[in-house]
Structures are given as C-alpha cells and as structure tokens.
Amino acid sequence: MSKKILAVYFTQSGQLGDIIDHFTKPLESFPDTVVEKVRIYPAKPFPFPWTSPLFFNAMPESVDGVPTALEPFTFKEAQYDLIILGYQPWFLSPSIPAGSLLRHLSFKAVLNNTPVVTISGCRNMWINAQEKVKNLLKEAGANLVGNIALVDRHNNYTSLVTILYWMLTGKKDRKWGLFPKPGVSDEDIVNSAIFGETVKMHLQKNEWSGLQTRLQEQHAVNVRYSLMFIERKAGRIFTIWSKIINKSKKRSALLVAFKYYLLIALCIAAPIILLVDAIFFKPFLGKRIKKQKEYYAGVTLK
Ligand SMILES: Cc1cc2nc3c(=O)[nH]c(=O)nc-3n(C[C@H](O)[C@H](O)[C@H](O)COP(=O)(O)O)c2cc1C
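What counts as what
One numbering rule holds for all chains: residues counted from 1, following each sequence as written. The model is predicted, so local features are restricted to residues of pLDDT at least 70 and side-chain atom pairs to those at 80 or more, both for listing and for counting; the totals for chains, interfaces and linings are taken over all residues. Starting at the N terminus, helices and strands are each numbered in turn, a helix being any DSSP run of H or I of at least four residues and a strand any DSSP run of E of at least two. As annotated, the domain borders come from an automatic or database domain assignment. Residues are treated as contacting if the C-beta atoms built from their backbones sit within 7 Å of each other. Residues are grouped as follows: nonpolar covers Ala, Val, Leu, Ile, Met, Phe, Trp, Tyr, Cys and Pro; charged covers Asp, Glu, Lys and Arg; every other residue, Gly included, is treated as polar. Only the C-beta atom matters for this test: placed from the backbone, it must lie within 6 Å of a molecule or strand for the residue to be near it. Strands pair, by our definition, only if DSSP identifies at least two bridges between them. Interaxial angle, 0 to 180 degrees, is taken between N-to-C directions of lines fitted to C-alpha atoms, where a helix line uses only the stretch in contact. The exposure label follows from counting other C-beta atoms within 10 Å of a residue's C-beta, where the C-beta atoms are placed from the backbone and the thresholds are 20 or more for buried and 12 or fewer for exposed, leaving partly exposed in between.

A. Structural view of the environment of Leu262. Residue placement: Leu262 occurs in helix α11 (residues 251-280). Distance from Leu262 to Gly17, taken between C-alpha atoms, is 29 Å for residues 245 residues apart in sequence.

B. Seen up close, the domain arrangement of the protein chain. Assigned domains within the protein chain: domain 1 (3-222) and domain 2 (227-293). Placing the centre of domain 1 and that of domain 2 at their C-alpha centroids yields a distance of 24 Å. The partner domain 2 presents 14 residues to the 15 residues of domain 1 that form the contact. Counting only elements with at least two residues in the side of domain 1 that touches domain 2, the list comes to α2 (52-57), α3 (59-64), α6 (127-139) and α7 (156-169). Considered class by class, the residues forming the side of domain 1 that touches domain 2 number 10 nonpolar, four polar and one charged.

C. The site of the ligand, seen in detail. Of all residues adjacent to the ligand, which total 21 residues, the nearest are Ser13, Leu16, Gln88, Cys122 and Arg123. Listed by contribution, the elements that provide at least two residues to the shell around the ligand are α1 (15-28), β4 (89-90) and α7. Its residues placed into classes, the shell around the ligand shows 12 nonpolar, eight polar and one charged.

D. Quick peek at the sheet that holds strand β3 (residues 82-87). Spatially, five strands are ordered β2-β1-β3-β6-β7 in an open sheet, and the strand pairing comes out parallel. Looking at which strands have only one partner, the edges of the open sheet turn out to be β2 (33-39) and β7 (143-150). If you compare each strand with its neighbour and ignore which way they point, the axes differ by 15° on average. Looking at chain direction, strand β1 (residues 3-9) and β2 are connected through seven bridges and run parallel. Bridge pairing links Tyr9 to Arg39 in β2. In this fold α1 packs onto β1, β2, β3, β6 (115-121) and β7, with an angle of close to 170° to the strand it touches most, β2.

E. Highlighting the pairing of β1. Of all seven residues in β1, five are buried; the element is thus mostly enclosed. As paired strands, β1 and β3 are joined by five bridges and run parallel to one another. Along β3, the bridge assignment pairs Leu6 with Ile83.

F. Expanded view of unusual backbone geometry. Here Phe48 and Pro49 are connected by a cis peptide whose omega angle stands at 0°. Along the polypeptide, Pro49 turns up in the loop between β2 and α2. Non-glycine residue Asp32 carries a positive phi angle of around 60°. Within the secondary structure, Asp32 is located in the loop between α1 and β2.

Spelled out as structure tokens, the structure:
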C-alpha cells in the first residue's frame, strides 16, 4: 500500500532543512512512498543574521507561545500516514514560526489522529521545548511516536560562544579559526539518515510502538543531567521574565536586563548551583534523576 509522508519544517540558516533532507532519504527510497516536504515562512521574516536586540526581543513571544502570521502554505493531502515535524527551540520553547505552525488550523487538521515524529536541531537545550511541543501535539489530537534531538556536542560554554557568533554574523564557520564550527556537526546531520531507516522499518509494518526505544538505542536523544537541571530551573524563570516584559512599557530596557541576567545565570550562577547540587543533592537522588531522564528521552506526556 502506498504511503504518504509529510515533512514540515522551518529553518533560518538551512540547518534544519539539511537535517530533514538526510533524515527523509531512506523514507523516499521506500517503494510507493511519497515524501512531501513543506518549508514554512513567517509572513514577516525574522532577521538572519540577528542583531543582539532583535535576538533577545524574540524571547517573550517564544516563551509565551504568541503566534505570528505565516506565509500561506498548502498540503497536497488531507491525511498522511506519518508527519515529520522539524523544529528548533528558541529560548527553551518551540521557535515562534514552529509554535505558530503547531497552532495553525490547517496543520492541526492534518495532525489529528496521525503518527508524528519530531526532529529538532539546536544548541543543546531542547527538553522544555519538546514538552511544549508534546502538549501542542496532544491538543491537535496527534500521536507522537518518535523524537530525535540533534545538538551541538561541544561543551556548554564553547557552544554558547559559537552559536552567538553564528546567529549574529550568519557564518557557520570557526570563530577566529580557533573555535569549533557552531551547531549540529556535519557528521550528525548526515547520520540522521540512520534514524530515518529506523522510522522506515516501523512505517513498513505500520507499527509504532517501540520506535522511541529503538531511537534511544541509536542515541537519537541524549538527556544530559546538567543541562536537564539547568533547563528545568531556567524554563520557569523565563516564564516569569516573559510575563513581566509582555506587561511592561519598558520592553527594551527589560530585554537588556534579561540579556545580562541570562549571561550571568549561565556563566556564573549555573556552575555554582550545579556544584552545590553535585555535593548535597545529586548523590541521594539517583532513582528520581534516572526516572526524569527516561521521561524526557521518551514520547509520553505527564
Ligand atoms: C532566538 C533564538 C533562540 C535560541 N534558543 C535556543 C535554545 O533555547 N536552546 C537551544 O539549544 N538552541 C537555541 N537556539 C538555536 C536554535 O535552536 C537552532 O539550532 C539555530 O537557530 C539554527 O536553526 P535553523 O535551522 O533555523 O537555522 C536559538 C536560536 C535563536 C535564533
């Protein structure tokens, strides 16, 4: 029986488009399978490269999930055998275009009663965003069967420097010839075809149970304790900041304050809090941490 797959995504630099292309290659080689790729665009484009003020200006609406208008898009079918959603986190939330897509009536219509695989390409913090995506998919009546999270594997501080360089210059190359290349590595992008193969096996059988377990075995998701710890705390704090900024008339000044807060929180406060946690709490919370990691690596919703 022929299979219809929709792969829908937003990308600024093209990174997520490359990921989608490699990931869907094995699915395209499946007989009688049509992979329809749809790239979405906001009606009012976000800048790329970004300026620093505009970059931080995207925080409140990303965190609060305020949708923006999208350029008109159409899907060829009313129903698909599988939908692949490619998205990127912005400020620990789905990017504004991805969040707008998930709230769009035409997309919600095709999502209803349909298996969905999510695939993200980010710096390294995707857990909060994925929880929000899980909720939005549930609201649309979709059935999340798999998740793949591709990250920059360099350490948290190196990737912070390199992503800011990439986002603010538009160049995905080595800063000063010294730093590593920003973003998801070329090798990981090409290797996402392996996950496409796994999805293909499940599509062939039309059996989705066990897909995420297989993807986990292939390291399609990797929940790192320190990042999970930071994200869980930061997610709540970002929500407070976004509410205050959205209500205030001093938006620009507050966004500057948020920028410095974020840099201090990440570079100074987080290492201290992590050290305190490593000494006083983590050693006694092994079971709870294991459960949390398993939960975030999975596709169920609490
Ligand atoms: C405004 C903004 C906020 C971002 N916030 C995060 C984040 O919270 N976590 C993360 O891992 N990456 C973050 N990133 C990186 C993106 O998830 C993504 O990897 C990058 O923008 C490249 O995606 P592209 O395919 O759209 O070019 C952010 C990028 C932008 C532009």
